[in-house]
Amino acid sequence: MVTDWEWDDTLFLGTAAHYRRGRLPYAPGLADTLAEVLELDGRGRLIDVGCGPGTIALDVVHLFGEIVGVDPDRGMIAEATREAAARELSGKTRWVRARAEELPAGLGTFTVAVFGQSFHWMDRDLVAATVRDMLRPGGALVHISDLKTETRTAEGLPHPAVPYPALDDLVGRYLGPVRRAGRGVLPQGTPGNEAAVFGRAGFTGPQRHVVPGGQALERTSDDVVAGVFSMSFSAPHLFGPRRDAFEADVRRLLREVSASDRFSERRPSTEIFVWRRDPR
């Protein structure tokens, strides 16, 4: 459970510029799985709550008539807007800077609502109940995340593994042993048991689907650094005047692990839970 923490607008401050390069992609086949499971036909409306830079929304835009992305971080909305324009998708997408707790915000009704590794940052009972009322009868709420129970290694791949434990230790040396989150800390991590929350909100289900990952990825030190700075617990602003020194230490650590500046890892599998609004 989350204790002694309240959301503030610095949670992901400065991370948006690093997000698309630094975060590992969802498993290939995510869009195809959603199309099949939800029987999508290119019509309908999707709301992506906590959309970040549009990671999921822009990859499934062809499955809907309109996409609305909602995120409280100004940088995330700017990145999503730029990427949509670069893909010539501005006509089918709308990006709204708002907290999930501010919904429905006059956005109308939707066929599908998606949360991509964002729901744990919200007032979950409030947001689940609100989103339920924003869905059309028979609509679906989709909770998407990396599969947390799998073990991924770089065994058999050509380059060393990204030294995540050592990177976590380095973050701890700079920011302290308790996980940072905006202006506060998360001594006990973020909450789980989404099933109870969605059940209380009146959803039925879920249907669970796993899109298999495991595909080999090659990463550079620039990619890994971007990954570090894309995380809420190591957002650039948290380091203050020591940001450059921290980055230099990260790069020194990476050089010690891989002189070739190449790292191997595998895509995580993607776990999907589909909850339905009762058609009545």
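What you see is a predicted model; the values in this text were computed from it and never measured. (Residues numbered from 1 in each chain as written. Predicted model: local features only at pLDDT ≥ 70, side-chain atom pairs only at ≥ 80, totals over all residues. Heavy atoms only, no water.)

The next point concerns the pattern of salt bridges. Overall, the coordinates contain 22 salt bridges when judged by the stated rule. We note a salt bridge from Arg 183 to Asp 9, for which the minimum N-O separation is 3.5 Å. Linking Arg 183 in the loop between β6 (180–181) and β7 (184–185) with Asp 9 in the segment before α1 (16–22), this pair joins segments that are 174 residues apart in sequence. Across the salt bridge formed by Asp 223 and Arg 21, the nearest N and O atoms sit 2.6 Å from each other. Of the two residues, Asp 223 is situated in helix α7 (residues 221–229) and Arg 21 in helix α1; the sequence distance between them amounts to 202 residues. (Salt bridge = Lys/Arg side-chain N within 4 Å of Asp/Glu carboxyl O. Helix = DSSP H or I, 4+ residues; strand = E, 2+ residues; numbered from the N terminus.)

A word on the pairing of strand β4 (residues 110–116). Within β4, six of the seven residues are buried, which leaves it mostly tucked inside the rest of the structure. Pairing analysis gives three bridges linking strand β1 (residues 45–49) to β4, with the strands arranged parallel. From the neighbouring strand, Leu 46 faces β4, where its bridge partner is Val 112. Examined bridge by bridge, β4 and strand β5 (residues 135–146) share six bridges and lie parallel to one another. Bridge pairing in β5 places Val 112 opposite Ala 140. For the crossover that starts at β4, traverses helix α4 (residues 124–134) and ends in the parallel β5, the hand is right-handed. (Buried < 20%, exposed > 50% of the residue type's maximum accessible area, 1.4 Å probe, protein only. Pairing = 2+ DSSP bridges. Right-handed = clockwise from strand over helix to strand, strands pointing away.)

Burial analysis of α7 places eight of its nine residues in the buried class, the great majority of the element. For α7, the set of buried residues is Ser 221, Asp 223, Val 224, Val 225, Ala 226, Gly 227, Val 228 and Phe 229. Its buried side turned inward, α7 meets α1, α5 (164–175), β9 (216–219), α8 (243–257) and β10 (263–266). (Contact = heavy atoms within 4.5 Å.)

What follows is about the side chain of Asp 73. Note that Asp 73 resides in the loop between β2 (66–71) and α3 (74–86). Within polar-contact distance, the side chain of Asp 73 engages the backbone nitrogen of Gly 75 at 3.0 Å. With residues near it in sequence (within four places) discarded, Asp 73 still touches Phe 12, Leu 13, Ala 16 and Arg 97. (Polar contact = N/O pair within 3.5 Å; in protein donor to acceptor, adjacent residues only side chain to side chain.)

Quick look at the side chain of Ser 232 now. Counting through the fold element by element, Ser 232 comes out in the loop between α7 and α8. Dropping the residues within four chain positions of it, Ser 232 is found in contact with Leu 11, Phe 12, Trp 121, Arg 179, Arg 180 and Leu 238.

Here we take up empty space enclosed by the protein. For the structure shown, the criterion picks out one cavity of 30 Å³ or more. Computed from the structure, the largest cavity encloses a volume of approximately 60 Å³. Along its surface, the largest cavity is lined by Leu 34, Leu 38, Leu 40, Leu 46, Ile 56, Val 60, Phe 64, Val 112, Val 114, Val 142 and Ile 144. The residue makeup of the lining of the largest cavity, split by class, is eleven nonpolar, no polar and no charged. (1 Å grid on protein atoms, 1.4 Å probe; cavity = no way out; pocket = protein on both sides within 12 Å on 5 of 7 lines; lining within 4 Å. Points joined across faces, edges and corners; volume = space filled by probe spheres on them. Nonpolar A, V, L, I, M, F, W, Y, C, P; charged D, E, K, R; others polar.)

The next point concerns the packing of α7 against α8. Where α7 meets α8, the axes come as close as 10 Å, and the angle between the chain directions of the two elements is 135°. Looking at the two axes, α7 sits oblique to α8. Viewed along their axes, α7 and α8 form a crossing whose handedness is right-handed. Only Arg 243, Phe 246, Glu 247, Val 250, Arg 251 and Leu 254 of α8 make contact with α7, whose side of the interface consists of Ser 221, Asp 222, Val 224, Val 225, Val 228 and Phe 229. Considered class by class, the residues forming the contact of α7 with α8 number seven nonpolar, one polar and four charged. (Axes fitted to C-alpha atoms, helices over the stretch in contact; angles between N-to-C directions. Parallel < 35°, antiparallel > 145°, perpendicular 65-115°, else oblique. Left-handed = near helix turned anticlockwise from the far one by under 90°.)

For residues that are not glycine, phi is negative in most cases, and the peptide bond is trans in most cases. In the segment running from Leu 103 into Pro 104, the intervening peptide bond is cis, with an omega of 15°. Relative to the helices and strands, Pro 104 resides in the loop between β3 (93–97) and β4. Gly 205 connects to Pro 206 through a cis peptide bond whose omega is 10°. Inspection of the secondary structure assignment puts Pro 206 in strand β8 (residues 203–211). Of note, the phi angle at Glu 88 is positive, near 60°, even though the residue is not glycine. One non-glycine residue with positive phi stands out, namely Ala 105, at about 55°. Along the polypeptide, Ala 105 turns up in the loop between β3 and β4.

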